[in-house]
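So you can see what is in the structure, the chains are spelled out below.
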Amino acid sequence: MKEAVTFPKDFLWGASSSAFQIEGAWDEDGKGKTVADVNSFKRSHLQADTKVASDFYHNYREDIKLMKELGMEIYRFSISWARIIPDGDGEVNQAGIEFYNNVINCLLEHGIKPFVTLYHFDLPYALVEKYNGWESRESIYAFERYAKICFEAFGDRVEYWQVHNEQNLMIRVDERMNIEEEDLYQADKVRAQMDYHMFLAHALAVNACHAIVKDGKIGPAVSSTCTYPLTNKPEDVWAAKMNDAFKTDYCLEMHFTGKYPGYYMRYLKERNIVPVMEEGDEALLKSAKMDYIAVNYYRTLCASFLPVEETHPIGERAFRGNQVDFDQYGYFRDEKNENLTASAYGAQIDPNGLRIVLNEYYRRYRLPLIITENGLGAVDVLTEDNKIHDDYRIDYIREHIKAIGLAIEDGVEVMGYSPWSVMDILSSHQGFKKRYGFIYIDREDHDEKQLKRIKKDSFYWYQNVIRTNGKEL
Ligand code: BG6
């Protein structure tokens, strides 16, 4: 790969996080319980939960000072819906509004632009109890109201918004959606309805942003996939394309055309799970015009063709290990790519895949792109003199920044880079064992210690990258 990279003068450098993964204070000052809280409590005996997390709620001023020291120009974070409206669709909690007002004001005082996600995996749990969450149309209107409250409260200072974080990934994972059906068919039926309702909620939020926020810009935050065929057999090439189509592309196509693409409708029909739609929905979906695409990128995938079996009908999913990388009969099977090295947690590291994704999305939609997540989950070791020598993270981020530079040279409009994560966060299945941050949070899963903030080697390295606008990598 070519060494020197030139980034545009106004390229935005930043870092990211999400509410339930850093804030803690899970029930303080009126916040309601969320699906993310409930899921984390199920694993409290194994790992840290959302109760304290990185304790950003009580440390935000100190943390924002560190963001400033890092040189961040943007901070991508999420608002917790249940902090603003504890039961999802009832009374507004002024303390929640005040907290985010303080965070946003503090960011602006430090010259950092807020990039805000409305919903990052943490649906208010009361909506699950009342409506089974996204299965009901009620949740769409609850979300629209929540979004409008945020635009009205913060829109005078927040220009950039994202609606749902990774709808396309969230929908695959039963616990994130609170899908409890054991029967695969029933689970997929509920999933399809929830997904459809989230698309409608997305469109309503996009339109509300444009109506309320002067010069507001809003877009989807997509979990990107780039899949290689295991071999050059035609059926494997088709499988790789379908893996991308089912895990990501149908979602972007729905956002931008207001209709499920043909191959996806075919799947919904063959599986007999076409969601209930109402008159006017398509017009609403088509009316929502996105301003940019936020891209989350970690790795590439590899696939082979998975034929239908007598006991497994076309479209049925199969799980080996996790729900994110499911296989699908009649379509694809997830495979290991022998040409890539995987991280300790199995992510196939591939900077070139980011160049492919950026080129591909830009070619299709001709909208500005921003990378809102990219990073390496790893075990970090605190030395006796309180240092973290995370060269592996520096290597990962350096190579991905180079790939972005190449995409820019390819003609792709990339607005900025906001890797995951500004500080160590609560990782859903590995708690604080798996870390992503530039800032180390000195705690263990079951020992909060003093929650001291320690700058990792990657902090100083990234600081210099930002200072030189990517010249020194
Ligand atoms: C992204 C999510 O998909 O992956 C983040 O938006 C998450 O919330 C990140 O933390 C890394 O995943 P994990 O499972 O390693 O925490």
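Further up the page is the structure itself.
None of the values given here were measured: they were computed from a predicted structure.

Trainee: I would appreciate a short explanation of the overall build of the protein in the present structure.
Mentor: Along the backbone of the protein there are 16 helices and 15 strands. Its C-alpha atoms give the protein a radius of gyration of 21 Å, near enough to 23 Å, the size a compact globule of 473 residues would have. The principal-axis extent of the C-alpha atoms belonging to the protein is close to 60 × 55 × 45 Å. Per-residue burial for the protein yields a buried fraction of 62% across its 473 residues. When the accessible surface of the protein is totalled, it reaches about 18300 Å², and 50% of it is carbon and sulfur. Of the side chains in the protein, 57 bear a positive and 76 a negative charge, and the two mean positions are spaced by 3 Å.

Trainee: Just to check I follow, could you spell out the pattern of salt bridges for this structure?
Mentor: Should the charged atoms of two oppositely charged side chains come close, the side chains can pair. Scanning the entire structure with this criterion turns up 39 salt bridges. Across the salt bridge formed by D380 and R393, the nearest N and O atoms sit 3.1 Å from each other. Placement of the pair is D380 in the loop between strand 12 (369-373) and helix 15 (391-409) and R393 in helix 15, with a sequence separation of 13 residues. Each member of the pair, D380 as well as R393, carries the same accessibility label: buried.

Trainee: Quick question: what am I supposed to make of a negative patch on the surface here?
Mentor: Negative charge collects at one region of the surface, where D27, E28, D29 and E98 lie side by side. As for its position among the elements, E28 is in the loop between helix 1 (19-22) and helix 2 (35-42).

Trainee: Whenever I open this one, the sheet that holds strand 11 (residues 333-335) confuses me. Can you help?
Mentor: One key point about sheets: their strands pair by backbone hydrogen bonds, in either a parallel or an antiparallel sense. Read across the sheet, three strands follow the order 6-8-11 without closing on themselves; strand pairing throughout is mixed. Strands with a single pairing partner mark the edges of an open sheet, and in this sheet they are strand 6 (227-229) and strand 11. Averaged over all neighbouring strand pairs, the angle between strand axes comes to 45°, with direction disregarded. In this sheet, strand 8 (residues 301-304) lies alongside strand 6 in parallel orientation, the contact comprising three bridges. Residue pairing in the sheet places T227 in a bridge with L301 of strand 8.

Trainee: Looking at this structure, I do not really get the side chain of N165. What am I missing?
Mentor: With respect to the helices, strands and loops of the structure, N165 is situated in strand 4 (residues 160-165). A distance of 3.1 Å separates the side chain of N165 from the side chain of N296, its partner in a polar contact. Once residues lying within four places of it in the same chain are set aside, the contact partners of N165 are R76, T117, Y119, H120, F121, M170, A221, N296 and E373.

Trainee: What is the right way to look at the packing of aromatic side chains in this model?
Mentor: Describing an aromatic ring pair means giving the distance of the ring centres and the angle of the ring planes. Scanning all chains against the criterion turns up 43 aromatic pairs. Ring geometry for Y250 against Y264: centres 4.0 Å apart, planes inclined by 5°, an arrangement best described as stacked. Here Y250, found in helix 11 (residues 234-257), pairs with Y264, found in helix 12 (residues 262-270); they are 14 residues apart in sequence, far enough to count as distant. Overall, the relative accessible area of 2% leaves Y250 in the buried class. The structure contains a cluster of three or more aromatic residues connected by ring pairs, namely Y196, F199, F246, Y250, Y260, Y263, Y264, Y267, F326, Y331 and F332. Above the plane of the ring of F41 lies K51, whose end atom (NZ or CZ) is 4.8 Å from the centre. The positively charged end of K247 is found above the aromatic ring belonging to F326, 4.7 Å away from the centroid.

Trainee: Just checking my understanding: could you explain helix 10 (residues 184-212) for this structure?
Mentor: The α-helix advances 3.6 residues per turn, and as a result positions three or four apart in sequence lie on the same side. If you check helix 10, its first and last C-alpha atoms are 41 Å apart, about what 29 residues at 1.5 Å a residue would give, namely 42 Å. Of all the 29 residues making up helix 10, 21 are buried; the element is thus mostly covered by neighbouring parts of the structure. Of the residues that open helix 10, the one with a side-chain oxygen 3.3 Å from the backbone nitrogen of Y185 is D183.

Trainee: For this particular structure, what's the right way to read helix 3 (residues 56-70)?
Mentor: The end-to-end C-alpha distance of helix 3 is 17 Å, clearly below the 21 Å that 15 residues give at a rise of 1.5 Å each. Of all the bends found along helix 3, the most pronounced is centred on E62 and spans about 45°. F56, Y57, N59, Y60, D63, I64, L66, M67 and L70 are the residues of helix 3 that are buried. Two residues or fewer past helix 3, G71 is found with a positive phi of approximately 100°.

Trainee: What should I look at first to understand the packing of helix 7 (residues 138-154) against helix 10 in this one?
Mentor: Two numbers describe a pair of packed helices, the interaxial angle and the distance between the axes. Orientation of helix 7 relative to helix 10, taken along the N-to-C sense of each, is 25°, at an axis distance of 9 Å. Comparing the axis directions of helix 7 and helix 10 gives the class roughly parallel. The element helix 7 and its partner helix 10 pack so that their crossing is right-handed. Packed against helix 7, whose contacting residues are I140, Y141, F143, E144, A147, K148, F151 and E152, the element helix 10 presents H197, L200, A201, L204, A205, A208, C209 and I212 at the interface. For the contact of helix 7 with helix 10, the per-class residue count stands at 12 nonpolar, one polar and three charged.

Trainee: So what exactly am I meant to see when it comes to the pairing of strand 10 (residues 322-328) here?
Mentor: Here is the key point about a regular strand: its side chains alternate between the two faces of the sheet. Here strand 10 lies mainly inside the structure; five of its seven residues are buried. As paired strands, strand 9 (residues 317-320) and strand 10 are joined by three bridges and run antiparallel to one another. Considered in strand 10, the bridge of A318 is made with D327. Linking strand 9 back to strand 10 in an antiparallel pair, the connection comprises one residue, with G321 at a positive phi of about 100°.

Trainee: Sorry, what's going on with the site of the ligand here?
Mentor: Near the ligand you find 13 residues, and of these Q21, E166, E373, K434 and Y436 are the closest. Taking Q21, its side chain carries an N or O atom lying 2.8 Å from an oxygen atom of the ligand. Here an oxygen atom of the ligand and a side-chain polar atom of N165 are 2.9 Å apart. In isolation the ligand has 380 Å² of accessible area, and contact with the protein removes 87% of it. Here the shell around the ligand is composed, by residue class, of five nonpolar, five polar and three charged.

Trainee: Quick question: what am I supposed to make of the environment of D291 here?
Mentor: Among the secondary structure elements, D291 is positioned in the loop between helix 13 (281-287) and strand 7 (293-296). Overall, the relative accessible area of 25% leaves D291 in the partly exposed class. Sequence spacing of D291 and E373 is 82 residues, and the spatial spacing of their C-alpha atoms is 18 Å. Once residues lying within four places of it in the same chain are set aside, the contact partners of D291 are H210, G216, K217, I218, L367 and P368. A polar contact of 2.7 Å, which involves the side chain of D291, links it to the side chain of H210.

Calculation notes
Residues numbered from 1 in each chain as written. Predicted model: local features only at pLDDT ≥ 70, side-chain atom pairs only at ≥ 80, totals over all residues. Heavy atoms only, no water. Helix = DSSP H or I, 4+ residues; strand = E, 2+ residues; numbered from the N terminus. Rg over C-alpha atoms; globule rule 2.2 N^0.38 Å. Buried < 20%, exposed > 50% of the residue type's maximum accessible area, 1.4 Å probe, protein only. Areas by Shrake-Rupley, 256 points an atom, 1.4 Å probe, with all protein chains shown as cover. Lys, Arg positive; Asp, Glu negative; His and termini not counted. Charge placed at Lys NZ, Arg CZ, Asp CG, Glu CD. Salt bridge = Lys/Arg side-chain N within 4 Å of Asp/Glu carboxyl O. Patch = residues over 30% accessible without salt bridge, like charges linked within 9 Å, V, L, I, M, F, W, Y side chains within 5 Å. Pairing = 2+ DSSP bridges. Axes fitted to C-alpha atoms, helices over the stretch in contact; angles between N-to-C directions. Polar contact = N/O pair within 3.5 Å; in protein donor to acceptor, adjacent residues only side chain to side chain. Contact = heavy atoms within 4.5 Å. Phe/Tyr/Trp six-rings, centres within 6.5 Å; stacked < 30°, edge-to-face > 60°. Lys NZ or Arg CZ within 6 Å of the ring centre and 35° of its normal. Expected span 1.5 Å × (residues − 1). Bend = angle between axes of the 7 residues up to and from the residue. Parallel < 35°, antiparallel > 145°, perpendicular 65-115°, else oblique. Left-handed = near helix turned anticlockwise from the far one by under 90°. Nonpolar A, V, L, I, M, F, W, Y, C, P; charged D, E, K, R; others polar. Near = heavy atom within 4 Å.

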